[in-house]
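What follows is each chain in one-letter form.
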Amino acid sequence: MNKKMTITSIKKAKGEKPLVMVTSYDALFAKLLAPYSDMILVGDSLNMSFAGKRDTLSTTLEQMIYHTSAVCQGAQNSFIICDMPFGTYTNKEDALKNAIKVFQETSADSIKIEGGEDKADIISYLCSNGVAVCGHIGLLPQAVRGEGGYKVKGKTEEEKLQLIKDARAVENAGAFCMVIEGVKAEVAAEVASCVSVPVIGIGAGKDVDGQVLVFSDMLGLFEEFTPKFVKKYMDGASLVKEAMLNYSNDVKTKEFPKEEHTY
Ligand code: KIV
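Residues numbered from 1 in each chain as written. Predicted model: local features only at pLDDT ≥ 70, side-chain atom pairs only at ≥ 80, totals over all residues. Heavy atoms only, no water.

Draft legend 1. Highlighting the sheet that holds strand E5 (residues 133-138). Pairing in this closed barrel of eight strands is parallel, and the strands run E1-E2-E3-E4-E5-E6-E7-E8 around the ring. Across the sheet, the axes of successive neighbouring strands diverge by a mean angle of 25°, strand direction being ignored. Relative to strand E8 (residues 210-213), strand E1 (residues 19-23) is paired through four bridges, and the arrangement is parallel. Considered in E8, the bridge of valine 22 is made with leucine 213. Where helix H8 (residues 157-173) meets the sheet, its contacts fall on E5 and strand E6 (177-181), and the angle it forms with E5 comes to roughly 175°. (Pairing = 2+ DSSP bridges. Helix = DSSP H or I, 4+ residues; strand = E, 2+ residues; numbered from the N terminus. Axes fitted to C-alpha atoms, helices over the stretch in contact; angles between N-to-C directions. Contact = heavy atoms within 4.5 Å.)

Structure, rendered in structure tokens:
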């Protein structure tokens, strides 16, 4: 069994080994994925890949707590991060009240919030009240409607400088690591080199401190679309369909159940 990561060992990994993060939304998959990952993120991406919604914005705190509890149950030896949903951390007081609810109702180790310099005071308030925070900079999925789409960041000098400011502000506020999403690879690498906490990339190239992927993308289970940055490690959708077709045919032809499946 892998040793459970801690904030200290996660921070120490920077420059020593790339960190592996993956999302999970239930106990079943959490148990399967846990032995091969350093951190499990219960991402609000569950609203799309689990609940079938068009973006993450309608995720509720109650849903995040429900799924995080399930993941904690399935991966009891893993460092688990619960994503704070849209609208639950717009000011310091709400952020702390909602983070406390997550900590009291699940055994998550940390929460994650989207935003850079603009969220530094909130991150700092959370950290000074005993809440471990993972930041999230670059492309912010919760800003999709505000920005009119998912926009890759770091394309101009101005954007690069802002990303560096964001990363430094998130680190100085006390975050123990941060996700960087949808950023030009060379810019993400520069951002990662400007801070001393691990910067975990998604769609941000290889020269960062680790990678995170949404498990249903990585396992080829989510068919609606595949972002450019996703590598499918199996064709899960085809495997599931083939298995279901075989089961359906077996039932119709009475090939199943056989003697060995019968009491
Ligand atoms: O919600 C999520 O799964 C995330 C990852 C894309 C990093 O935030």
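After presenting the structure, the write-up continues.
Draft legend 2. Representation of the side chain of aspartate 38. Within the fold, aspartate 38 resides in the loop between helix H2 (27-33) and strand E2 (39-42). At 3.1 Å, the side chain of aspartate 38 forms a polar contact with the side chain of lysine 17. If sequence neighbours within four positions are ignored, aspartate 38 has contacts with Met5, Lys17, Pro18, Leu19, Val20 and Phe79. (Polar contact = N/O pair within 3.5 Å; in protein donor to acceptor, adjacent residues only side chain to side chain.)

Draft legend 3. Spotlight on the packing of aromatic side chains. One pass over the full model with this rule turns up five aromatic pairs. Measuring from centroid to centroid gives 4.7 Å for phenylalanine 29 and phenylalanine 215, while their planes differ by 45°, and the two rings are tilted. Here the residue phenylalanine 29 occupies a position in helix H2, and phenylalanine 215 occupies one in helix H10 (residues 215-218), the gap between them amounting to 186 residues. Overall, the relative accessible area of 7% leaves phenylalanine 215 in the buried class. A connected cluster of aromatic rings, assembled from ring pairs, spans Tyr25, Phe29 and Phe215. The ring of tyrosine 125 carries the charged tip of lysine 92 above its face, separated from the ring centre by 5.2 Å. (Phe/Tyr/Trp six-rings, centres within 6.5 Å; stacked < 30°, edge-to-face > 60°. Buried < 20%, exposed > 50% of the residue type's maximum accessible area, 1.4 Å probe, protein only. Lys NZ or Arg CZ within 6 Å of the ring centre and 35° of its normal.)

Draft legend 4. Structural detail: the site of the ligand. Neighbouring the ligand are the residues Thr23, Leu41, Gly43, Asp44, Ser45, Asp83, Lys112, His136, Val179, Glu181, Ile202 and Val214. One of the side-chain nitrogen or oxygen atoms of serine 45 is found 2.5 Å away from an oxygen atom of the ligand. Between an oxygen atom of the ligand and a side-chain N or O atom of lysine 112, the distance comes to 3.0 Å. Here the ligand loses 95% of its free accessible area of 260 Å² to cover by the protein chains. Among the residues forming the shell around the ligand, the class breakdown is four nonpolar, four polar and four charged. (Near = heavy atom within 4 Å. Areas by Shrake-Rupley, 256 points an atom, 1.4 Å probe, with all protein chains shown as cover. Nonpolar A, V, L, I, M, F, W, Y, C, P; charged D, E, K, R; others polar.)

Draft legend 5. Molecular detail of the pairing of E8. Direction of pairing for strand E7 (residues 199-202) relative to E8: parallel, over a ladder of two bridges. Bridge assignment links isoleucine 200 to a residue of E8, and that residue is glycine 210.

Draft legend 6. Structural context of helix H11 (residues 236-253). Taking 1.5 Å per residue, 18 residues should reach 26 Å; H11 reaches 26 Å between its end C-alpha atoms and fits that length. Once H11 ends, the next one or two residues include lysine 254, with phi positive near 60°. (Expected span 1.5 Å × (residues − 1).)

Draft legend 7. Layout of the UniProt feature "active site" (unreviewed entry) in the chain. Annotation from UniProt places "active site" (unreviewed entry) at Glu181. The topology assignment puts glutamate 181 in strand E6. With residues up to four places along the chain from it excluded, the contact list for glutamate 181 reads His136, Ile137, Gly138, Leu139, Pro141 and Ile202. (UniProt positions renumbered as here; feature names shortened; annotations may be inferred.)

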